[in-house]
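# Coordinate analysis (summary)
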Amino acid sequence: ATLLKIFSLKYLMSTAERPLIDIVQDRRYWIIHSITIPSLFIGGVIFVLSGFVYKLFGALNFNNYFDNDNSSISLVNDRFSVSSSIDDI
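Residues numbered from 1 in each chain as written. Predicted model: local features only at pLDDT ≥ 70, side-chain atom pairs only at ≥ 80, totals over all residues. Heavy atoms only, no water.

### Points about the overall build of the chain
If you tally the helices and strands in the chain, you get 6 helices and 0 strands. Element order for the chain, N to C, with α for helix and β for strand: α-α-α-α-α-α. (Helix = DSSP H or I, 4+ residues; strand = E, 2+ residues; numbered from the N terminus.)

### Some remarks on the packing of aromatic side chains
Enumeration over the complete set of coordinates arrives at 2 aromatic pairs. With a centroid separation of 5.0 Å and an interplanar angle of 85°, the aromatic rings of tyrosine 29 and tryptophan 30 are classed as edge-to-face. Judged by relative accessible area, tyrosine 29 falls into the partly exposed class, the value being 26%. Ring centres of phenylalanine 47 and phenylalanine 52 lie 5.7 Å apart, and the angle between their planes is 65°; on these two criteria the pair is classed as edge-to-face. Among the residues examined, phenylalanine 52 registers a relative accessible area of 44% and is labelled partly exposed. (Phe/Tyr/Trp six-rings, centres within 6.5 Å; stacked < 30°, edge-to-face > 60°. Buried < 20%, exposed > 50% of the residue type's maximum accessible area, 1.4 Å probe, protein only.)

### Observations concerning a nonpolar patch on the surface
A contiguous nonpolar patch, built from Phe41, Ile42, Val45, Ile46, Leu49 and Phe62 and spanning about 630 Å² of accessible area, is present on the exposed surface. Along the chain, the position of phenylalanine 62 falls in the loop between α5 (52-57) and α6 (82-88). (Patch = residues over 30% accessible without salt bridge, like charges linked within 9 Å, V, L, I, M, F, W, Y side chains within 5 Å. Areas by Shrake-Rupley, 256 points an atom, 1.4 Å probe, with all protein chains shown as cover. Salt bridge = Lys/Arg side-chain N within 4 Å of Asp/Glu carboxyl O.)

### Looking at the pattern of salt bridges
Scanning all chains against the criterion turns up 1 salt bridge. Between arginine 28 and aspartate 26 there is a salt bridge, and its shortest N-O distance comes to 3.7 Å.

Right, dumping it as structure tokens:
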């Protein structure tokens, strides 16, 4: 009987995954995602607003793009000499 189940068309066509409607209607799905999605968003906002992302990736802080003396956009022509061109500005 188990050999018949294994070669049954129903079991060969199935991926053994839950249907999406079952997942969306599950309370555990909503409890987990109502906590994780907003916390990832808030964590990203704090990561950017704290300025740590600019220190980590070596980019200019959004407050430093335009100085009082220079109102144009600073362009980097050579990616290997970024630090020297930032120092020149």
